[in-house]
Structure formats: C-alpha cells, structure tokens
Amino acid sequence: MSVASHPSGIRRPVAVVGPCRGAGDGRLGRSALPCGHSTAGGRLRRICGTLSGVPGRELVLGAGAFFLALTAVVATQAMMVGEVAVLRAIQLATSDELDALAAVYTHVSSVETMVVIGAACAATLFAAGWRWRAAAPFGFLLTLPIEMAAKMLVAQPQVDPEYVRRAGNYILLWMGTAYSYPSSHASRAAFLACLVWVALVSFGPLRGRHWLAGAIAAALAVTLGLTRVYLGYHWPSDVVAGWALGLLSFGAVAWAMSRWQRFSVSLSHILARRGGT
C-alpha cells in the first residue's frame, strides 16, 4: 500500500498491486497475479484472467493423446481410401479464382506470417510489462520437434501430384520432407486461432463472450486447414493432426502461465511475510 494526498488534506491509502481478475466479469481468476494498474496493466490483467480459465494441462493431455492415437492409425495407411474420397469432395468445385484466393489465404498460417504476428504480439506484451511471458505468442514452435519427427517417421505419402493445385507455390523457409503427416500449417492455424480467441474474449465487443469468440476462432482454424487439402498439399488426416498439435502447444503455454502465476503469488506472500517480521 502507498499513501496519496487528497484535496481535503486527508491522506488515503492507495493499492499499488491488485489481483488479476477474470476477463469481462470482474471475478477473480483461478490465480491472482499482480499485473499492474496502468492502462497496459489493465490489458494484461484481462489476458491473465482469460488464460486462467483455460484448462492447460487437460488440453495438453487430451490433444496429445488424440494425436498419438491418430498417428497410430495413419501409420497403418488404413484410412487412405477415405482420405482420397474426402480430398476429392473438397476439390469438387475448383476454379482459377478460388485457387488464387486459397493460395493467398493459406499464407496466413505460414511460418513467415506467424513469425511476424508473434513478433508484433511479443513486442506489445513486453512493452506492457511482461518479460519472458511476452514470448508466449511464439508457443507454436513448441511442437515443431514433434512435427518434424512425425514427417520423417510416419509413412504418410505425399498427396498425388494430380490433386495438387499449382497456384501460389513458394519456397521461402520451406523444407521438403518424404512424408506429409502432420500439417505444420494446420498446427500454426490452430495456435493462431487460440490467440485470436484470447484477444476476442479479453477485449472489444466480444469481451467475455467465450462461445461466440470460440466459433470465430474455430472458423479461422478450419478454413485455413481446408485450404491445405483444397490445394492438394495435405491429406485430411494431416490437417486434423496439425490442429491437435496446435491445441497442444496453446495448452502448454496456458499451463506454463498458470504455473508461473501460482509461483509468483506464493513468492509474493513469502516476501510479504518476511517484510512484516
């Protein structure tokens, strides 16, 4: 507590550090992390409140278990007939205009775009007062080792060239692999959708409206993933696996942030007790 002067001459106590409240409704989040009281600190408190409601550990375990189960099935190539049927269905309506639109839109979750988005978000969070936690927007990199290992070990063949739409090919930061499973674009799309959900729930007209914000974020992830199938770059199971990894990486970020919040609160209590003795 500090003391501020009042025009009447009465000295009133002013709280310097307060709890991190839940987004939108003013309730305490599951953990109370001091986030500051400036305008930027208020934004951080909303993000803290949103992330405190994310079951990070459960998301990591659930998405991880789903990915492992899907990987085991894909490795047998038992779904290949169904994969071809779904791909053909998605490519029933094709045109040069749709090819161009899909080729541009799919770059939203390219690694180049995600690095730019991550850098912008990280710089904003760092300037607002976060330090190492400002790296959270780069959480999509957490599953990169899993993606690369799967692309080398899971014998999911590349999509037949007859299905590949030739619009918008690029080679920047591209590395060819023998197998296509999973889709890294879909993984980044799912992680980006989670970031969009956090932003929508924490700020603006959709603040606190979790389901509507979730529908918008899910539409982003789904449509980006479908472009990978439409363009003939990935099988449907590649995209589904990528979505699972994107959710896993976001769950890991939320889990780490929650653990840090609990540690910070415990440490502040210990220091407060020692300062009072």
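See the structure printed just above.
In this text the structure is predicted, and so the values were computed from the model without any measurement.

Visitor: Tell me about the overall build of the protein, and name the residues and values.
Guide: Regarding its fold elements, the protein presents nine helices and two strands. Along the chain direction, N to C, the helices and strands of the protein fall in the order β-β-α-α-α-α-α-α-α-α-α. Contacts in the protein between residues far apart in sequence, at least 24 positions, make up 74% of those at least 6 positions apart. With an accessible surface of roughly 14,600 Å², the protein has 69% of that area assigned to carbon and sulfur atoms.

Visitor: Break down the side chain of Ser237 for me, with residues and values.
Guide: Mapped onto the elements, Ser237 comes out in helix H9 (residues 236-276). At a separation of 2.8 Å, a polar atom in the side chain of Ser237 contacts the side chain of Gln156. When neighbours within four sequence positions are excluded, Ser237 is seen to be in contact with Leu70, Val74, Met79, Glu83, Gln156 and Tyr181.

Visitor: Outline the environment of Val104, listing residues and values.
Guide: With respect to the helices, strands and loops of the structure, Val104 is situated in helix H4 (residues 96-105). Separated by 123 residues in the primary sequence, Val104 and Thr227 have C-alpha atoms spaced 9.7 Å apart.

Visitor: Please set out H4 residue by residue, giving values where relevant.
Guide: Considered for burial, the residues of H4 that qualify are Asp99, Ala102 and Ala103. On an axial view of H4, the arc spanned by its buried residues comes to 100°, and they lie on one face. Residues Glu97, Leu101 and Val104 are exposed on H4 and point more than 90 degrees away from its buried face. Lining the buried residues of H4 we find helix H8 (210-230).

Rules and cut-offs
- Residues numbered from 1 in each chain as written.
- Predicted model: local features only at pLDDT ≥ 70, side-chain atom pairs only at ≥ 80, totals over all residues.
- Heavy atoms only, no water.
- Helix = DSSP H or I, 4+ residues; strand = E, 2+ residues; numbered from the N terminus.
- Contact = heavy atoms within 4.5 Å.
- Areas by Shrake-Rupley, 256 points an atom, 1.4 Å probe, with all protein chains shown as cover.
- Polar contact = N/O pair within 3.5 Å; in protein donor to acceptor, adjacent residues only side chain to side chain.
- Buried < 20%, exposed > 50% of the residue type's maximum accessible area, 1.4 Å probe, protein only.
- Arc of directions from axis to C-beta.

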